[in-house]
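Each chain is listed here by its residues.
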Amino acid sequence: AKAFARKRAFDILFSLLVVVLMLSWLTPVIALLIKLESKGPAFFKQLRTGKDGKSFYCLKFRSMAVNAAADVEQALKNDSRVTKLGSFLRKTSIDELPQFINVLKGEMSIVGPRPHMVLHTEKYSRTIHNFMDRHLVMPGITGLAQVSGCRGEIKHLDAMAKRVDADLEYIDKWSFWLDLRIMLLTIQKIVQLDEKAY
């Protein structure tokens, strides 16, 4: 319990720094650019599954043209819904920055299993026997699965099964140092522009 209290304290402190030092000035700039390129809100809110299976609205900068399939279809490679600015935001992972607000609200952690849209939770919990075990902890902005190469479009069931294995390995081996390692690897992947980020 003490270790998780430390994890939460770190999450709050780090997220506050991101919100104050980055989002405070970056949000109005990105919001303006998003609105200049396409009609619709600057933020995209999607209902996703959180800790203990409870759903919450995961925040992102909107990277697609407003579309009816946004809450049912994952972004695909060369997805026509993604705007030019959106493509840049996704490649650099800037679109994920508003999730630090989710962290401050206590809905997410910086590191943990990535939250999936509710529809995917319903689908994969029926076909992957240990899928719901990944919700024993708070979902993360980044996770072991993402830095291990499990990112992007899910074409086959085994791709999701691999993610679940990595998530459960993270829960089993969790330590503060593992979180730091995953954060550093995430930064490295962002700098290298991960080809699976689309």
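Residues numbered from 1 in each chain as written. Predicted model: local features only at pLDDT ≥ 70, side-chain atom pairs only at ≥ 80, totals over all residues. Heavy atoms only, no water.

> Help me out: how do you make sense of the overall build of the protein chain in this one?
The helix and strand inventory of the protein chain stands at seven helices and four strands. Taken over C-alpha atoms, the radius of gyration comes to 16 Å for the protein chain, in line with the 16 Å a tight globule of 198 residues would show. With the C-alpha coordinates of the protein chain rotated into their principal frame, the extents come out at 45 × 40 × 30 Å. Here the protein chain holds 198 residues, and the buried ones make up 46% of them. Taking as baseline every contact in the protein chain between residues at least 6 positions apart, the subset at least 24 positions apart corresponds to 72%. For the protein chain, the separation between the mean place of its 30 positive charges and that of its 20 negative charges on side chains is 4 Å. (Helix = DSSP H or I, 4+ residues; strand = E, 2+ residues; numbered from the N terminus. Rg over C-alpha atoms; globule rule 2.2 N^0.38 Å. Buried < 20%, exposed > 50% of the residue type's maximum accessible area, 1.4 Å probe, protein only. Contact = heavy atoms within 4.5 Å. Lys, Arg positive; Asp, Glu negative; His and termini not counted. Charge placed at Lys NZ, Arg CZ, Asp CG, Glu CD.)

> For this particular structure, what's the right way to read the pairing of strand S1 (residues 43–49)?
Sheet faces and side chains relate simply in a regular strand, where the side chains alternate between the two faces. Inspection of the sheet shows S1 paired to strand S2 (residues 55–61) by seven bridges, in the antiparallel sense. Across the sheet, the residue bridging to Phe-44 is Lys-60, located in S2. Linking S1 to S2, which pair antiparallel, is a turn of five residues; within it Asp-52 sits at a positive phi near 60 degrees. (Pairing = 2+ DSSP bridges.)

> Quick question: what am I supposed to make of the pattern of salt bridges here?
Pairing of side chains with opposite charge becomes possible as their charged atoms draw close. In total, this model carries eight salt bridges according to the counting rule given. Of the charged contacts, one joins Lys-60 and Asp-95 as a salt bridge, the two residues approaching to 3.5 Å between their closest N and O atoms. Of this pair, Lys-60 sits in strand S2 while Asp-95 sits in the loop between helix H2 (84–91) and helix H3 (99–104), and the two are 35 residues apart along the sequence. Salt bridges here are not isolated pairs; linked through shared partners, they connect Lys-60, Asp-95, Glu-96 and Arg-114. (Salt bridge = Lys/Arg side-chain N within 4 Å of Asp/Glu carboxyl O.)

> When you look at the packing of helix H1 (residues 2–37) against helix H7 (residues 176–191) in this model, what are you seeing that I'm missing?
Think of two packed helices as two axes; the pair is described by the angle between the axes and how far apart they sit. In contact at an axis separation of 11 Å, H1 and H7 are set at 30 degrees when each is read in the N-to-C sense. Compared by their axis directions, H1 and H7 come out roughly parallel. You can see that H1 and H7 cross each other, and the crossing is right-handed. Listed contacts from H7 to Lys-7, Phe-10 and Phe-14 of H1 are Phe-176, Asp-179, Leu-180 and Met-183. Counted by class, the contact of H1 with H7 contains five nonpolar, no polar and two charged residues. (Axes fitted to C-alpha atoms, helices over the stretch in contact; angles between N-to-C directions. Parallel < 35°, antiparallel > 145°, perpendicular 65-115°, else oblique. Left-handed = near helix turned anticlockwise from the far one by under 90°. Nonpolar A, V, L, I, M, F, W, Y, C, P; charged D, E, K, R; others polar.)

Shape descriptors only; they carry no functional weight alone.
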